[in-house]
Amino acid sequence: MADDRSTGLLGGRCALVTGASSGLGRRFATVLAREGARVVLAARRAERLRDLRTEIEGAGGRAAAVELDVLSDGSVTAAVAAAEAAFGPVQILVNNSGVSAQKRIVDMSAGDYDRVMNTNARGAFLVAREVARRIIDASVEGGRIVNVASILAEKAVRELSVYCMSKAALLHLTRVQALEWARFGINVNALCPGYVRTEINDEYWDTDRGRRFVESFPRRRVGDASDLDGALLLLVSPESRMITGSAITVDDALAIA
Ligand SMILES: NC(=O)c1ccc[n+]([C@@H]2O[C@H](COP(=O)([O-])OP(=O)(O)OC[C@H]3O[C@@H](n4cnc5c(N)ncnc54)[C@H](OP(=O)(O)O)[C@@H]3O)[C@@H](O)[C@H]2O)c1
């Protein structure tokens, strides 16, 4: 396939997806590639990224794999530079890398706190900062940043204190980013999923506690990563030019239950 692929909603735009090695990020990357984006897959597990690249290319899409550890400032800078070297300036960032720690506050260590906050808030801050600097410097038009937050950015849940804090920080950061970068044509929005079955929570849903929890949901089900396709595509599309500083909740009405 030619480098100037111009089919699909995203017609050859360069998209960087962090946390593309599993779960939602893997799905986001596949959906963007299907819409014609040239997708840079970023995470720590390089072998998984290579497998996904092969899968995307096998389906006629374009992808590159880049190692990224959002806990390392140098890795963030190098990964964004490598993304640009592969496919040109990043126009779409899906800021998706994230981790969780499920413990009561009294059992939460300082190390747990640092790992979750530094991945979900600091890491997302650094990746977006690097991408935005390059968009601004190169006067790239139509930038789109999607910060993958959570309904737990606003909903308090026991045993997920630091995760909730980190997503609240990311949601509010989204608003400040939207303000600062509006004049540079960069739209920044948060995507707030409810519960979707991925490696971050996989074991939990098969426990008695997990099953009882699902029974309390308005639709009594855990979502599938594909349930986020529509919201993602809206937020990265050229059609969402006036949507910035917003959050889209995709949760089967769970947050308001
Ligand atoms: N699943 C849900 O119900 C749900 C709901 C709301 C929000 N979310 C959010 O959605 C995002 C994706 O989560 P998921 O459910 O898809 O979980 P997942 O399958 O565990 O994926 C997490 C991704 O984050 C990456 N990651 C973790 N630490 C990283 C680091 N230091 N540097 C770079 N990448 C890192 C992982 O890649 P490597 O380990 O290969 O680096 C992995 O690809 C997270 O931000 C999560 O908080 C999930």
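Scroll up a little and you will see the structure.
Residues numbered from 1 in each chain as written. Predicted model: local features only at pLDDT ≥ 70, side-chain atom pairs only at ≥ 80, totals over all residues. Heavy atoms only, no water.

(A) Just the overall build of the protein chain, in detail. The secondary structure content of the protein chain amounts to 7 helices and 7 strands. The C-alpha extent of the protein chain, read off along each of the three principal axes, is 50 × 35 × 35 Å. Burial statistics for the protein chain: of 257 residues in total, 50% are counted as buried. Of the contacts formed within the protein chain by residues at least 6 apart in sequence, a portion of 71% connects residues at least 24 apart. Accessible surface for the protein chain amounts to roughly 12,100 Å². Of this, 49% is attributable to carbon and sulfur atoms. (Helix = DSSP H or I, 4+ residues; strand = E, 2+ residues; numbered from the N terminus. Buried < 20%, exposed > 50% of the residue type's maximum accessible area, 1.4 Å probe, protein only. Contact = heavy atoms within 4.5 Å. Areas by Shrake-Rupley, 256 points an atom, 1.4 Å probe, with all protein chains shown as cover.)

(B) Examining the environment of Ile56 more closely. Its location among the elements puts Ile56 in helix 2 (residues 46-58). Its relative accessible area of 5% is what places Ile56 among the buried residues. Between the C-alpha atoms of Ile56 and Val31, which are 25 residues apart in sequence, the distance is 9.6 Å. Sequence-distant contacts of Ile56, defined by excluding residues within four places in its chain, comprise Ala29, Thr30, Ala33, Leu41, Gly61, Arg62 and Ala63.

(C) Structural context of the packing of helix 1 (residues 23-34) against helix 2. With their axes 10 Å apart at the nearest point, helix 1 and helix 2 run at an angle of 25 degrees to one another. One way to sum up the angle between helix 1 and helix 2 is to call them roughly parallel. Crossing handedness for the pair helix 1 and helix 2: right-handed. Judged by residue contacts, Arg26, Ala29, Thr30 and Ala33 of helix 1 engage Leu52, Glu55 and Ile56 from helix 2. Class assignment for the residues of the contact of helix 1 with helix 2 results in 4 nonpolar, 1 polar and 2 charged. (Axes fitted to C-alpha atoms, helices over the stretch in contact; angles between N-to-C directions. Parallel < 35°, antiparallel > 145°, perpendicular 65-115°, else oblique. Left-handed = near helix turned anticlockwise from the far one by under 90°. Nonpolar A, V, L, I, M, F, W, Y, C, P; charged D, E, K, R; others polar.)

So far we have only geometry, and geometry alone does not tell us how the molecule works.
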